[in-house]
Amino acid sequence: MSYQWKAGEGIADGFRRIAGEELDSAVDGLAHPEVRGVEATVHDVRKRCKKVRGLARLVRPGLAKATFREINQAARDAAAEISSIRDAHALLASFDRLLANDADGVPISGIFAVRAELSRRAHEATQAVAGQHDQVQRALEGLDALRATVAEADVEDDLDVLIDGVTTTYRLGGAAMHAAVGGEDDEAFHEWRKREKDLWYAVRLISPAAPAVLDPTAKLLHVLSEDLGDDHDLAVLTDLVGVDPEAFGGAAAAEAAATLAAERRVALQHHAAGLGVQVYAEKPKAFARRLRAYWKAWERAGHDLPGGT
């Protein structure tokens, strides 16, 4: 996997290489969307933008404030230019998972009118992005400029950069979990989702230091990210059908969809809470000490990393 540090690679070199590879792939994909198709290309580019932002957050303690802001903003803006297609297709996919989760409990009357409207909007979003050459061009230019910024970025070449970054990520994620679990605030769960995804990226990036331990942790974080992502998409879906029920087959169909979504969200949030307890079981300082020990052991095993301290 390229989205991780390599043996013998310093903190600064690793950051520039990893971010550069993600941006190279994003630029190449966006320059030739016909190769994979618009939907797949947009999904991949947005994912790579998030990975660059996650990497920047991990090394944030070793970046100048202005450099971090520039990288974070540029990646976010480029993704935002083409976000409409992802949002529409995510809602359709979320609804399909909702129907598949409890096929026997799905009311037949009117419910597929909701899917038909979601499908129509997803197709419309694809056509809109495919035709909006200005948006795609702005995203492409932004990512190309970001490549230059990343290549010249001055990152402090010290292991403390990674440890401080992942400690902050872990602490913020734990606080976000406690704010979300037990409450009824959709925004709190969305905030936890963002902070949890930062930790997922961080663990993936440093997993070569102790793959037997950190790879399973990354997989657990991936499952948790999926739970929280589905929960968020169902919250958006509920709001959408509630605002304009007639567009989705009428009040009865919209209400049936909202009821299904509410039931599924209870299960998703309960499962996410159980996973979250496992993820955030340690104190942030204890988590940081463990990661430092893994990295140091990796060095002693023969990987002389310039970023070690």
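A brief report on the enclosed structure follows.

A few words on the packing of helix α2 (residues 38–58) against helix α3 (residues 65–81). α3 packs onto α2 with a crossing angle of 165 degrees between their chain directions and a minimal axis gap of 9 Å. Here α2 lies roughly antiparallel to α3, going by the angle between them. Viewed along their axes, α2 and α3 form a crossing whose handedness is left-handed. Every residue of α3 that contacts α2 at R46, C49, V52, R53, A56 and R57 is listed here: F68, I71, N72, A75, R76, A78 and A79. Each residue belonging to the contact of α2 with α3 can be placed in one class, and the counts come to eight nonpolar, one polar and four charged.

Now for the side chain of R195. Relative to the helices and strands, R195 is located in helix α8 (residues 186–206). For R195, a relative accessible area of 14% corresponds to the buried category. One polar contact links R195 to D198, side chain to side chain, over a distance of 3.0 Å. Leave out the neighbours within four places in its chain, and R195 touches R57, T169, L172, G173 and A176.

Moving on: the environment of T126. With respect to the helices and strands, the residue T126 is situated in helix α5 (residues 111–131). C-alpha of T126 to C-alpha of A153: the two residues are 27 residues apart in sequence and 35 Å apart in space. When near neighbours in sequence (up to four residues on either side) are disregarded, T126 contacts V38, I85 and H89.

A separate point is the pattern of salt bridges. Scanning all chains against the criterion turns up 24 salt bridges. E22 is the partner of K51 in a salt bridge, and the nearest nitrogen-oxygen pair spans 3.3 Å. Note that K51 is positioned in helix α2 and E22 in helix α1 (residues 11–31), a separation of 29 residues in sequence. By relative accessible area, K51 is classed as buried at 9%. Here D198 and R57 are joined by a salt bridge, their closest N and O atoms 3.2 Å apart.

Moving on: the packing of aromatic side chains. By the definition in use, this model includes six aromatic pairs. Here Y170 and F287 contribute two aromatic rings whose centre-to-centre distance is 4.0 Å and whose plane-to-plane angle is 15 degrees, an arrangement assigned as stacked. With Y170 in helix α7 (residues 159–180) and F287 in helix α11 (residues 284–300), the pair connects residues that are 117 residues apart, well separated along the chain. Relative accessible area serves as the criterion here: at 3%, F287 is assigned to the buried category. Measuring from ring centre to ring centre gives 6.1 Å for F189 and W192, while their planes differ by 50 degrees; the resulting arrangement is tilted. With F189 and W192 both in helix α8, this residue pair falls three residues apart, about one helical turn. As far as burial versus exposure is concerned, F189 and W192 are alike and both buried. Its guanidinium or amino end placed over the ring of Y3, K51 lies 4.7 Å from that ring's centre, counting from NZ or CZ.

Procedures and definitions
Within each chain, residue numbers correspond to sequence positions counted from 1 in written order. pLDDT decides what is reported in this predicted model: residues at 70 or higher carry local features, side-chain atom pairs at 80 or more are listed and counted, and totals for whole chains, interfaces and linings draw on all residues regardless. Calculation of side-chain values draws on the structure's entire complement of heavy atoms; hydrogens and water are dropped beforehand. Between N-to-C directions, angles span 0 to 180 degrees; the directions come from axes that are lines fitted to C-alpha atoms, helices contributing only their stretch in contact. Only DSSP runs of H or I reaching four residues or more are called helices, and only runs of E reaching two or more are called strands; each is numbered from the N terminus. Should an angle lie under 35 degrees it is considered roughly parallel, over 145 roughly antiparallel, and from 65 to 115 roughly perpendicular; all remaining angles are considered oblique. For any helix crossing, the convention is left-handed if the near helix is rotated counterclockwise from the far helix by under a right angle, and right-handed if that rotation is clockwise. Only heavy atoms enter the contact rule, under which two residues are in contact if any of them lie within 4.5 Å. Any residue that is not Ala, Val, Leu, Ile, Met, Phe, Trp, Tyr, Cys, Pro, Asp, Glu, Lys or Arg is counted as polar, Gly included; the first ten are nonpolar and the last four charged. Buried, partly exposed and exposed residues are distinguished by accessible area as a fraction of the type maximum, computed with a 1.4 Å probe on protein chains only: under 20%, between the cut-offs, and over 50%, respectively. Here a polar contact means two N or O atoms within 3.5 Å. Within protein one must be a hydrogen donor candidate and the other an acceptor candidate, and residues neighboring in sequence count only if both atoms are side-chain atoms. Throughout this description, the term salt bridge denotes a Lys or Arg side-chain nitrogen within 4 Å of a carboxyl oxygen of Asp or Glu. Centre distance within 6.5 Å is the pairing criterion for rings of Phe, Tyr and Trp, where only the six-membered ring of Trp is used; planes under 30 degrees apart are then read as stacked, over 60 as edge-to-face, and the remainder as tilted. Geometrically, a lysine NZ or arginine CZ counts as sitting over a ring once it is within 6 Å of the ring centre and also within 35 degrees of the ring normal.

Functional significance is not addressed by these values, which are geometric in nature.
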